[in-house]
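# Descriptive analysis of the structure
What follows is the residue order along each chain.
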Amino acid sequence: MDAVLALAAALLALRLSGDLVRRHRQRPSAAHVAWAAALASYAAAAAALAWGAAAGWSSPAFRVYYLGGALLTAALLGAGSLLLSGRRWAAPLALAYAGLAAGVAISVQLDGDLTGTSVPEAQDVLELWPARALAIAGNSLGTFAVAAVAIASLRRRPLGNALILAGVGVAALGSGLGGLGVGALAPVLALAALLLYAGFVAPARLADVRLTRSARRPP
């Protein structure tokens, strides 16, 4: 059952990521690309949870889980927020960071015992440098960027920013639930993905609804 819940969360996050890609094709936005990549990373982490719950944890499963969940998601969310606010320099910075994170996740040495179906604790498997230090930096700076942009533009995008902040908060809560097992963590991942997606698209949908209503009003 744990594997099924985690797989459902992965499929949901991947579906939402695909919808953001579709929206980018219809109305190009660098922020949508970054957010789609963040949700795809989230989906990869959830899929790795399903992998570990179904077949037992292994080095490949943990590397995918750590790369998607610990290294990339928050950093890419922050890049999307910065791009939304007009900071174009965030795009090459995010690409460089993603390449570095992937290299670290692939090459870093794993210690400890990676067996069983319980979610491994990073401190039991990884040294502080470089993987955990990079994850701390990426998560801290990414979360700060999301919060700073959301607060600064709260009047312009009140609903969207409130949902994004709620999604980030739920995702942060989920990071502390690994010890309770995949069954507790997977629903939190799904809820966070839904809140983040709603925050990304809600302002645009509200604007479309208002335009439609205005067009229908008699002159």
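Preceding block: the structure.
Here we summarise the structure given alongside this text. (Residues numbered from 1 in each chain as written. Predicted model: local features only at pLDDT ≥ 70, side-chain atom pairs only at ≥ 80, totals over all residues. Heavy atoms only, no water.)

### Considerations on the packing of helix 4 (residues 90-107) against helix 6 (residues 128-152)
- As a packed pair, helix 4 and helix 6 sit with axes 10 Å apart at the nearest point and diverge in direction by 150 degrees. Classed by the angle they form, the pair helix 4 and helix 6 counts as roughly antiparallel. For helix 4 against helix 6, the interelement crossing comes out left-handed. Together, Tyr 97, Leu 100, Ala 101 and Val 104 of helix 4 and Pro 130, Ala 131, Leu 134 and Gly 138 of helix 6 make up the contact between the two elements.
- Of the residues assigned to the contact of helix 4 with helix 6, the class counts are 7 nonpolar, 1 polar and no charged. (Axes fitted to C-alpha atoms, helices over the stretch in contact; angles between N-to-C directions. Helix = DSSP H or I, 4+ residues; strand = E, 2+ residues; numbered from the N terminus. Parallel < 35°, antiparallel > 145°, perpendicular 65-115°, else oblique. Left-handed = near helix turned anticlockwise from the far one by under 90°. Contact = heavy atoms within 4.5 Å. Nonpolar A, V, L, I, M, F, W, Y, C, P; charged D, E, K, R; others polar.)

### Observations regarding the nonpolar core
- Core analysis: the biggest nonpolar cluster contains 69 residues, and Phe 62, Tyr 65, Tyr 66 and Phe 200 have the highest contact counts within it.
- Contributions of two or more residues to this core are made by helix 1 (2-26), helix 2 (30-55), helix 3 (59-84), helix 4, helix 5 (122-125), helix 6, helix 7 (158-175) and helix 8 (182-216).
- Setting aside residues up to four positions removed in sequence, Tyr 65 forms contacts with Ala 45, Ala 48, Leu 49, Trp 57, Ala 70, Val 119 and Leu 185. (Core = buried A, V, L, I, M, F, W, Y, C linked by side-chain atoms within 4.5 Å. Buried < 20%, exposed > 50% of the residue type's maximum accessible area, 1.4 Å probe, protein only.)

### Regarding the packing of aromatic side chains
- Taken as a whole, this structure holds 4 aromatic pairs when the rule is applied.
- Residues Trp 57 and Tyr 65 carry aromatic rings whose centres are separated by 5.5 Å and whose planes lie at 65 degrees to one another, so their mutual orientation is edge-to-face.
- Residue Trp 57 is classed as buried on the basis of its relative accessible area, which comes to 3%.
- Under the relative-accessibility criterion, Tyr 65 is labelled buried at 19%.
- Consider the rings of Phe 62 and Tyr 66, whose centres lie 5.7 Å apart with planes at 20 degrees: the pair is stacked. (Phe/Tyr/Trp six-rings, centres within 6.5 Å; stacked < 30°, edge-to-face > 60°.)

As far as function goes, none of this settles anything; it's purely spatial.
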